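Structural characterization, general
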Amino acid sequence: MTVREATRGWDGPAILVEGLRKSFGEVQALRGIDLEVARGQVLGMLGPNGAGKTTAVKVLTTLLAPDAGRALVEGRDVVHSAAAVREIIGLAGQSAAIQEELTGRENLEIMGRLYHLTKGESRHRAAQLLERFDLEDAADRPAKGYSGGMARRLDLAASLVARPAVLFLDEPTTGLDPRSRMGMWEVIRELVGEGATLLLTTQYLEEADELADQIVVIDHGEVIAAGTGEELKNRIGGDVVEFVVADRTHVDTAVAAVATLGEGSPSVDRETGQVSVRVGAAGSNALVDAVRALDAAGVRSEGLGIRRPSLDDVFLALTGHGADSAPETRGRRGRRSGRPEHAGAR
Amino acid sequence: MTTVAHPAPNAIHAPSPSFGDRLRYGWADTANLTRRDIKIWTRNPAFLVFAVIQPVMFVLLFRYVFGGAIPTTVPGGYVNYLMPGIIAQSAAFASFGTAIALARQMQRGVIDRFRSMPMARSAVLLGRLAADTLRLTVTVIVVLGVGYAVGFRFLTGIGPAIGMLVLGIVFGVAICTISAFVGMAIRDEESVGSFGLIWLFPLTFVSSAFVTVRTMPGWLQAFANNQPVTIVIDEMRAMALGGPLVEHGWQSAAWLAGIFVVFIPLAVRAYRRS
Ligand SMILES: Nc1ncnc2c1ncn2[C@@H]1O[C@H](COP(=O)(O)OP(=O)(O)OP(=O)(O)O)[C@@H](O)[C@H]1O
Ligand SMILES: [Mg+2]
């Protein structure tokens, strides 16, 4: 089915979610989520472990029935028209759902058959996707031997076999090394160029910033902020002056020196000696002021600079905790370590 | 079809596929998944061990190690007593593969992906059972072959002999439906591997499979005599060696039908809910 066929008869948003709630016993995984994604747009759903991202994706892909609220995918209700929703969506879940005993090619061909393509079509589509995802060399080897990045790419390819109009990717790059992640981003950008609507979840703030037109930040089952990456950054009030204090024992002196520059108190990482001050719209004036203030206090600093706020700053400002310090942190692969303020600013 | 403007457009009504289409797709999905599951099975050395080597070891162990110590009045000696029991037992234990494969697919998200696709709800389970029926049949035939090599002989005709094999296979498939439910309910390969099928041990060993129930203590006899494994094995034994077929035949049919009626819906429900 082409995007055009899949979306006939509906000119509302590709994804529309209203007041969605879902509990697992005591745990309220979703507490009334509202979302809207225009056709052909990318929505980045950003949240820490346990925020409810996977639960939202599962409801939207008909795997879980919500307790309340409704969700439409291209106008089809995920509860009442689940079969029709399944016709037009693709899902790459949080773990790579590939069959290890089968080769990459076999994995894709069987998907084609299960989407009711003919044998010839399945074969053709599999070959096409293998080429596109740079898996041709490994195509006829069992997927057991694939690297994490290859397995992820195969998994994504499998979700595309039937050319879905709306695609759901649950943490597509978690557990990948930086190079594989860049590769994945490139692939995702290309996909979007072809007119599909995409909802992707991520814990990587930079990833949402890179890929998404719109971002919703969710925490404890609620949308706590929504907008473009730019809007979210503006929300916390402009630029950040940042520097590292060379001599750790002078950190307090440095903080006192720059305290009056910003709006609110500077944030400090005592381990690395890094100090950040939000300076609002003061821009490069603030930078000059900071240099003077530090000089006057006799503090030697390194890497003094001004930057646009990262989404990590946004997250900290919105939730009062970093993106990594969710209460129920479950052990999982590929998690970042270190302080959240630094993670997004590479 | 009109679309009410934002903020609350009505959902469009998507026509559901006709009954004929559903049937056609259901059949195609099941066939494709069966082929897929067979392919996976043939590439997995662990399954080969389960399906062939382990049952053969059981035959040899009971025939030569325990066999001498177990008195029997059956014509042809202990090997004739043993074979119907061990065929049923091998068929039942083949369901390990069913539970583990489904738990693994659950865990890896393969089942979630299937559930997000326009596929018949029962196809995953039926495809799995079809592939496992074939696997069971291979196991049963190998075990029977080894049995023949170590002295087993059918004492009846070709009809009852085939009947015994078919009953053994149907019994195995029934146990597979229970295992399918267990595998999808537990959803964790390791847990299924270590305790998911522990219930099979008392069921197969506290039965007439290897020894006559009369040698057990009275309280155990009450269980052994009235549980389905004994009933099915007694019927298989009567088919292989001669004896009254009717009473245990009806009871076997009732038990097997009961297992299918209860566990297929349970397994389908576990699949939908996962
Ligand atoms: N099947 C379930 N049974 C019970 N609790 C569940 C279940 N699935 C999710 N939860 C709980 O619901 C909450 C939201 O989980 P969810 O998996 O949606 O989070 P997430 O944002 O995807 O997290 P992660 O980044 O770790 O994948 C968590 O507290 C989780 O423990
Ligand atoms: Mg998740």
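A few points on the structure. Nothing here was measured: the structure is a model prediction, and the numbers come from that model. (Residues numbered from 1 in each chain as written. Chains lettered and ligands numbered in written order. Predicted model: local features only at pLDDT ≥ 70, side-chain atom pairs only at ≥ 80, totals over all residues. Heavy atoms only, no water.)

**Section: helix H11 (residues 228–241) of chain B**
All names here are of chain B.
- The terminal C-alpha atoms of H11, which comprises 14 residues, lie 20 Å apart, in line with the 20 Å expected from a rise of 1.5 Å per residue.
- With a side-chain oxygen lying 3.0 Å from the backbone nitrogen of Val229, the N-terminal cap of H11 falls on Gln227.
- Once H11 ends, the next one or two residues include Gly242, with phi positive near 100°. (Helix = DSSP H or I, 4+ residues; strand = E, 2+ residues; numbered from the N terminus. Expected span 1.5 Å × (residues − 1). Polar contact = N/O pair within 3.5 Å; in protein donor to acceptor, adjacent residues only side chain to side chain.)

**Things to note about the interface of chain A and chain B**
- Facing 43 residues of chain A, the contacting portion of chain B comprises 36 residues.
- It is Glu101, Leu114 and His116 of chain A in chain A that bury the most area against chain B; as a group they hold 20% of the surface buried on that side.
- Of the charged contacts in the structure, one is a salt bridge between Lys39 of chain B and Glu106 of chain A, with a shortest N-O distance of 3.7 Å.
- Our count for the chain A to chain B interface comes out at twelve residue pairs in polar contact (both at pLDDT 80 or more).
- Looking at the side of chain A that touches chain B, the elements that each hand over two or more residues are strand S1 (15–24), strand S4 (68–73), strand S5 (76–77), helix H3 (82–88), strand S6 (89–92), helix H4 (104–114) and helix H6 (148–159) of chain A.
- Take the side of chain A that touches chain B: its biggest share by element is five residues, from H4 of chain A. (Contact = heavy atoms within 4.5 Å. Buried area = accessible area lost by both parts, 1.4 Å probe. Salt bridge = Lys/Arg side-chain N within 4 Å of Asp/Glu carboxyl O.)

**Digging into the site of ligand 1**
Residue and element names in this part refer to chain A.
- Contacts to ligand 1 come from 17 residues, most closely from Gly50, Lys53, Thr54, Thr55 and Gln94.
- In the model, an oxygen atom of ligand 1 is placed 2.8 Å from a nitrogen or oxygen of the Asn49 side chain.
- Take Lys53: an N or O atom from its side chain is 2.8 Å from an oxygen atom of ligand 1.
- For ligand 1, whose accessible area on its own is 630 Å², the fraction buried by protein is 75%.
- Broken down by secondary-structure element, the contributors of at least two residues to the shell around ligand 1 are strand S2 (27–37) and helix H2 (53–60). (Near = heavy atom within 4 Å. Areas by Shrake-Rupley, 256 points an atom, 1.4 Å probe, with all protein chains shown as cover.)

**Looking at the sheet that holds strand S7 (residues 166–170) of chain A**
Residue and element names in this part refer to chain A.
- Ordered in space as S6-S7-S8-S3-S9-S10, the six strands form an open sheet in which the pairing is mixed. The open sheet is flanked by S6 and strand S10 (222–227), the only strands paired with a single partner. In this sheet, neighbouring strand axes are inclined to one another by 15° on average, regardless of whether the strands run parallel or antiparallel.
- Sheet topology places S6 next to S7; four bridges connect them, and they run parallel. Of the residues in S7, the one forming a bridge with Gly90 is Leu167.
- The strands touched by H2 are strand S3 (42–46), S6, S7, strand S8 (197–202) and strand S9 (214–219); relative to S8, the strand with the most contacts, the crossing angle is about 155°.
- Against the sheet, H6 engages S6 and S7, with an angle of about 165° to S6. (Pairing = 2+ DSSP bridges. Axes fitted to C-alpha atoms, helices over the stretch in contact; angles between N-to-C directions.)

**So, the sheet that holds S4 of chain A**
Residues and elements named next belong to chain A.
- Sheet architecture is open: four strands sit in the order S2-S1-S4-S5, paired in antiparallel fashion. Both edges of this open sheet fall to S2 and S5, since each of them pairs with a single strand only.
- Two strands pair when backbone bridges link them, and S4 and S5 are joined in this way by two bridges, in the antiparallel orientation. Counterpart to Leu72 in the pairing with S5 is Asp77.
- On top of the sheet, H2 reaches S1, S2 and S4; it is set at about 120° to S1, its chief contact.

**Quick word on a nonpolar patch on the surface**
- The grouping of Leu60, Leu61, Tyr64, Val65 and Phe66 of chain B at the surface amounts to a nonpolar patch, some 470 Å² of accessible area in total.
- For Phe66 of chain B, the position within the fold is in helix H2 (residues 45–66). (Patch = residues over 30% accessible without salt bridge, like charges linked within 9 Å, V, L, I, M, F, W, Y side chains within 5 Å.)

**Details of the environment of Val142 of chain B**
Residues and elements named next belong to chain B.
- Mapping Val142 onto the fold places it in helix H6 (residues 123–149).
- Given a relative accessible area of 28%, Val142 falls into the partly exposed group.
- Counting along the chain gives 89 residues from Val142 to Ile53, while the straight-line C-alpha distance between them is 9.4 Å.
- Excluding residues that lie within four positions of it along the chain, Val142 makes contacts with Val52 and Val56. (Buried < 20%, exposed > 50% of the residue type's maximum accessible area, 1.4 Å probe, protein only.)

**Side note on the coordination of the magnesium ion (ligand 2)**
Residue and element names in this part refer to chain A.
- Coordination of the magnesium ion (ligand 2) by the protein comes from Thr54 (OG1) and Gln94 (OE1), over a distance range of 1.8 to 2.1 Å. Taken together, the residues Thr54 in helix H2 and Gln94 in the loop between S6 and H4 connect sequence positions 40 residues apart.
- Accessibility expressed as a relative area gives 23% for Thr54, which makes it partly exposed. (Donors = N, O, S within 2.8 Å, 3.2 Å for Na, K, Ca; no water.)

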